[in-house]
Amino acid sequence: MFRGTITLLASLSILYAKAQSPVQIALEPFATGLSRPVGIANAGDDRLFVVQEAGRIRIVEADGTLLVNPFLNITSRVQSTGNEQGLLGLAFDPNYATNGFFYVYYINGTGAGTSRISRFSVSANPDSADENSEQILYTRVQPYTNHNGGQLNFGPDGYLYAGFGDGGDHDDPQGHAQNLTDALGDIIRIDVSDPDTTYTIPPSNPYAVVTNDTLPEIWASGVRNPWRWGFDALTGDVWIGDVGQDVWEEVDFWPAGDNSGPNFGWRCREGLVVTSTAVTTGCPAASAFISPVKVHSHSSGWCSVIGGRVYRGTEFPRLYGRYIYSDYCPAPFESIRPDGLGGWIEEQVMNTWIVGLSSIAENSAKELFATNVENGKVYRIVDTCPMDAPVITANGEVLTSTVADSYVWFFNGTEIPGATGQSHTATASGGYQVLGSYPGGCELLSDTVFVALVGMRTNETYSLRVHPIPATDKLTVEGLPLEAATLSLVDLTGRTMMIVPIDNGGTRVVADVHQFANGNYILVVNNAQGAELLRQQVSVNH
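Below, the structure is looked at part by part. Values in this document were obtained by computation on a predicted structure and should not be read as measured data.

## Focus on the overall build of the protein chain
Here comes step 1: In terms of regular secondary structure, the protein chain is built from three helices and 43 strands.
Here comes step 2: Radius of gyration (C-alpha) of the protein chain: 26 Å, near the 24 Å computed for a compact globule of 542 residues.
Here comes step 3: Expressed as a percentage of the 542 residues in the protein chain, the buried residues total 55%.
Here comes step 4: Excluding contacts between residues fewer than 6 apart, the proportion of contacts in the protein chain whose partners are at least 24 apart in sequence is 56%.
Here comes step 5: Here the protein chain has roughly 22100 Å² of accessible surface; of this, 51% comes from carbon and sulfur atoms.
Here comes step 6: Across the protein chain, 30 positive and 57 negative side-chain charges occur, with their mean positions spaced 1 Å apart.

This is the structure:
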């Protein structure tokens, strides 16, 4: 689903994986004393709003203090006797600071009840909502007590998205998830920007202009129980944790801005596997469905995937860009991140297994938090090696690292024998890195600093940067040495595909690569005398 990606593959990528401490997270207790917390939202300030299943929303302040009085208490309206019923979702209006609106999803009534999406207003007290301000926007009668979904999110487009499970029981017996005349088994998308109406249909919805019985609010279909899902705060991509049935849990992905109506396959498929109902219900071939990014087998301990978020905070740079998720049952925490070539890098980031995880969400600073429905706690998700990686500064050919407990220097990916001091003197042109050791057994690797030793001139250091990632047709190279005269792209057979002259003293080049075939290439930088200053591998994938 990534189109036209261009990725710089650093020559030290293998070193990075072997030498640096692998990314591992920990759950740091943040707040306690909650009753069955199932979700978190933020209102654009430093508070966390924690959804409790029975019908209360509690406020946790920035220091972890749980306020005594709830922000909202609608327990009398919420049906929460079933394990998957209750107050299940919360989202604050993008203009909450000015209009005071927020939205909740809960089960109302008796028995299986009715899914209800309502709008409320904050009162004059910012820590208390007006419980009498409810405006019911959307309802759907539930056939069973389970598979209620409940996640609410505002997308980057300003529309409200809501995830509905398939209605429950086993095998989606009423066929809701593949039925576009019903909201069950779907994610809907509605415009709630006009407070004088319930909602309108966004004109870009995939079925907005369909004239048959298809519901125009449906944005995606074929989900079983999208319990926790969300948007990447940077890119707007959608990540969905869809709870499986007997064998497989799955994580789905859909790119930002694509409103073509993805169908994720349930009840025809569970994960990547054709279900027993597919034959009897006339399901189409697998090509009709969007395959999950990742599946997890129940045989490995997974039972109810808890979809997470992509980390876009600033406290833990090594987590940046990773989608982090886990499971309600005892299972590890996993991360997924793009590999720059249209695929994914999957890593386990915590192997301490716990039971009761119910949500992973962000505060306003995009730091990640998790709730546990069994022990009533809110946790901060932290990097176990949170310190900054070493930074190299240069004075001529003398390279100096910021302070660490110990140091190991590398040249072009190879350890330099005996180079274990805070400073190192460069003796050849090329890329230098330092591996710093820190408390807790943490070892972190610096960025690469390139040193060009050119004649009698003053030695230079520079850091090569390639962006954007992903890119569609342009390769931008910055941080070139002042001696650079040409930039070439060479294929793996040694054939020169492009030579770009560099203006005298220029440190930035933009190369047009939209006509290049997909594959790997070597970027070579030479000076005016033809001497090679550096080379790096790049990859083009349209």
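## Looking at the layout of surface pockets
Here comes step 1: Considering only enclosed or pocket space, the second largest pocket measures out at about 740 Å³ in volume.
Here comes step 2: When contributions to the lining of the second largest pocket are tallied by element, the ones reaching two or more residues are strand S3 (37-41), strand S7 (87-92), helix H2 (96-99), strand S11 (152-154), strand S15 (228-231) and strand S25 (357-362).
Here comes step 3: The dominant element in the lining of the second largest pocket, judged by the number of residues it contributes, is S7, at five residues.
Here comes step 4: In terms of residue class, the lining of the second largest pocket is made up of 19 nonpolar, eleven polar and six charged.

## Details of the state of the cysteines
Here comes step 1: Tallying each qualifying case throughout the model produces three disulfides.
Here comes step 2: For Cys268, the disulfide goes to Cys283, at an S-S distance of 1.9 Å. Its S-S torsion of approximately -80° makes the covalent link between Cys268 and Cys283 left-handed. Separated by 15 residues along the polypeptide, Cys268 in the loop between strand S17 (248-254) and strand S18 (269-270) and Cys283 in the loop between helix H3 (277-280) and strand S20 (294-297) bring together distant segments of the chain.
Here comes step 3: Across a sulfur-sulfur distance of 1.8 Å, Cys303 and Cys329 are joined as a disulfide pair. Taking the torsion about the S-S bond as the criterion, the Cys303 to Cys329 disulfide, at about 90°, is right-handed.

The rules behind these values
Residues numbered from 1 in each chain as written. Predicted model: local features only at pLDDT ≥ 70, side-chain atom pairs only at ≥ 80, totals over all residues. Heavy atoms only, no water. Helix = DSSP H or I, 4+ residues; strand = E, 2+ residues; numbered from the N terminus. Rg over C-alpha atoms; globule rule 2.2 N^0.38 Å. Buried < 20%, exposed > 50% of the residue type's maximum accessible area, 1.4 Å probe, protein only. Contact = heavy atoms within 4.5 Å. Areas by Shrake-Rupley, 256 points an atom, 1.4 Å probe, with all protein chains shown as cover. Lys, Arg positive; Asp, Glu negative; His and termini not counted. Charge placed at Lys NZ, Arg CZ, Asp CG, Glu CD. 1 Å grid on protein atoms, 1.4 Å probe; cavity = no way out; pocket = protein on both sides within 12 Å on 5 of 7 lines; lining within 4 Å. Points joined across faces, edges and corners; volume = space filled by probe spheres on them. Nonpolar A, V, L, I, M, F, W, Y, C, P; charged D, E, K, R; others polar. Disulfide = S-S within 2.5 Å.

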